[in-house]
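Topology and contacts: notes
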Amino acid sequence: MSQRKAPAEAGRATIRDVAERAGVSVASVSRVLSGNYPVSEELRRRVMKVVRDLDYVTNAHARSLAGGGTPTVAILINNITGAAFAHVAKGVEGAATLRGWLSLVGTTGDDPERELALVNLMRQQGVAAVILLGGAYDYAEYQLRMARFARSLDAAGSHLVLVGRPPLEGDVPATTVDYDNEGGAYAMASHLLSVGHRKVLVLPGHAELTTAQGRLRGARRAFEAYGVHFEPGLVRHGPYDYEHGYEAVEDSLREGLDFTAVLAGTDVVAAGAMQALRAKGLRVPEDVSIVGYDDIPLASQLTPQLTTVHVPYEEMGRVALRAVADRREGGGGRRKGGDGEHLVLGTHVVVRRSVQPPAPRE
């Protein structure tokens, strides 16, 4: 017996091809594929056999990227290997899967122009939402262009969600899911000050990055609250990576800077700083205390375990996806209460073993 094959010359299979092959209506195929309506087991098996024969699932996926069928959410992240925002992406993807949505992940490579280009591309693809993860660069032109994209996405029935960065200025149809970044830095600096540290090397991140600006403000505010002079010469800007932590501490020691603690902008930066101290024969925390920010798994794996600021990254991802789903389900693709929603999650200090009072001066 010969088997009928999918008509390759006719191009991709359509839902009508599936219905014709299965001997059912297009509506019946749609009900089976959506999974939202009760259908008989016999009908489901018949339709799914044809779907496999015609490779229709692949084609349905391709169409979803163009805005039809299953909603798709685009997650744009600076570096896919970055532990902190990988947890945000995990939260988004998990919440999307529960709703039967698809997730796409794109990387920006810490390039504002590439980020803007990807937002524009996702707008053209008709995704349900574009979720941007991580701090933004504080450039006026960048902010203006992103606001235009937010309005363009909104006009197309999509939505822009900013995670871990400040909201766009003005009446912009974008949701912001943030965390108490400045408050976390304030609490961490206060912890160091409370045990007696006065000379703190601060590694907040790139000077133009909003995340770094917030962490530096928080640290300064803590020094002011304690009546302790904050030394700008003990601030070293740079990327959130291991190499920066190592090089910043190495350079500071070579320059003879006087510090008893290091406040690192991320746990990864703290790991690099810790290794640089050890390379110079200094002990943590006996000689120099060190703290981080993020509370990624690495923090509890270091020796000594790292005191750090806990950020609820995975929950932020779930909240971001729920915000998009609420808008879509609220009627007309808009959330009741207007645009520009700003949600803020709390942070807190996790005390481990990398901090102790400074050693007495001889």
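Anything mentioned here points back to the structure above.
Read on for a plain summary of the structure. These numbers come from a predicted model, not from an experiment.

Here we take up helix H9 (residues 210-226). Between the first and last C-alpha of H9 there are 25 Å, a value that for 17 residues agrees with the 24 Å anticipated at 1.5 Å per step. What H9 keeps buried is the set Thr-210, Thr-211, Ala-212, Gly-214, Arg-215, Leu-216, Gly-218, Ala-219, Ala-222 and Phe-223. Count one or two residues on from H9 and you reach Gly-227, which has phi positive near 70°.

This part is about the packing of aromatic side chains. In this structure the tally under the stated criterion is three aromatic pairs. Taking 6.0 Å as the distance between ring centres and 70° as the angle between the ring planes, the aromatic pair formed by Tyr-179 and Tyr-313 counts as edge-to-face. Of the two residues, Tyr-179 is situated in strand E5 (residues 174-179) and Tyr-313 in helix H13 (residues 313-329); the sequence distance between them amounts to 134 residues. Residue classification places Tyr-179 among the buried residues on the basis of a relative accessible area of 3%. Judged by its relative accessible area of 4%, Tyr-313 is buried. A connected cluster of aromatic rings, assembled from ring pairs, spans Phe-85, Tyr-179 and Tyr-313. Taking the ring centre of Tyr-293 as reference, the NZ or CZ of Arg-215 above it sits at 3.7 Å.

Its place among the elements puts Arg-327 in helix H13. We classify Arg-327 as buried; its relative accessible area is 3%. Of the polar contacts made by the side chain of Arg-327, one reaches the side chain of His-159; its length is 3.3 Å.

Moving on, we come to the sheet that holds strand E6 (residues 200-203). Within a sheet, neighbouring strands are paired by backbone hydrogen bonds and run either parallel or antiparallel to one another. Strands sit in the order E6-E7-E8 across an open sheet of three strands; the sheet is parallel. One side of each edge strand has no neighbouring strand; the edge strands of this open sheet are E6 and strand E8 (289-291). In this sheet, adjacent strand axes meet at a mean angle of 15° when their direction is disregarded. In this sheet, E8 lies alongside strand E7 (residues 261-264) in parallel orientation, the contact comprising three bridges. By the bridge assignment for E8, Ala-261 is matched with Ser-289. Strands in contact with helix H10 (residues 242-254) are E6 and E7; relative to E6, the strand with the most contacts, it is inclined by about 145°.

The subject of this paragraph is the layout of surface pockets. There is about 780 Å³ of room inside the largest pocket. Taken together, 36 residues line the largest pocket, and the ones lying closest to its centre are Asn-78, Asn-79, Gly-82, Phe-85 and Tyr-240. Broken down by secondary-structure element, the contributors of at least two residues to the lining of the largest pocket are helix H5 (83-98), helix H6 (112-125) and H9. In terms of residues, the lining of the largest pocket owes the most to one element, H5, which gives three residues. Looking at side-chain class alone, the lining of the largest pocket contains 16 nonpolar, 13 polar and seven charged residues. A domain split of the lining of the largest pocket shows at least three residues from each of domain 2 (72-179 + 313-346) and domain 3 (181-311).

Cut-offs applied
Residues numbered from 1 in each chain as written. Predicted model: local features only at pLDDT ≥ 70, side-chain atom pairs only at ≥ 80, totals over all residues. Heavy atoms only, no water. Helix = DSSP H or I, 4+ residues; strand = E, 2+ residues; numbered from the N terminus. Expected span 1.5 Å × (residues − 1). Buried < 20%, exposed > 50% of the residue type's maximum accessible area, 1.4 Å probe, protein only. Phe/Tyr/Trp six-rings, centres within 6.5 Å; stacked < 30°, edge-to-face > 60°. Lys NZ or Arg CZ within 6 Å of the ring centre and 35° of its normal. Polar contact = N/O pair within 3.5 Å; in protein donor to acceptor, adjacent residues only side chain to side chain. Pairing = 2+ DSSP bridges. Axes fitted to C-alpha atoms, helices over the stretch in contact; angles between N-to-C directions. Contact = heavy atoms within 4.5 Å. 1 Å grid on protein atoms, 1.4 Å probe; cavity = no way out; pocket = protein on both sides within 12 Å on 5 of 7 lines; lining within 4 Å. Points joined across faces, edges and corners; volume = space filled by probe spheres on them. Nonpolar A, V, L, I, M, F, W, Y, C, P; charged D, E, K, R; others polar. Domains from an automatic or database assignment.

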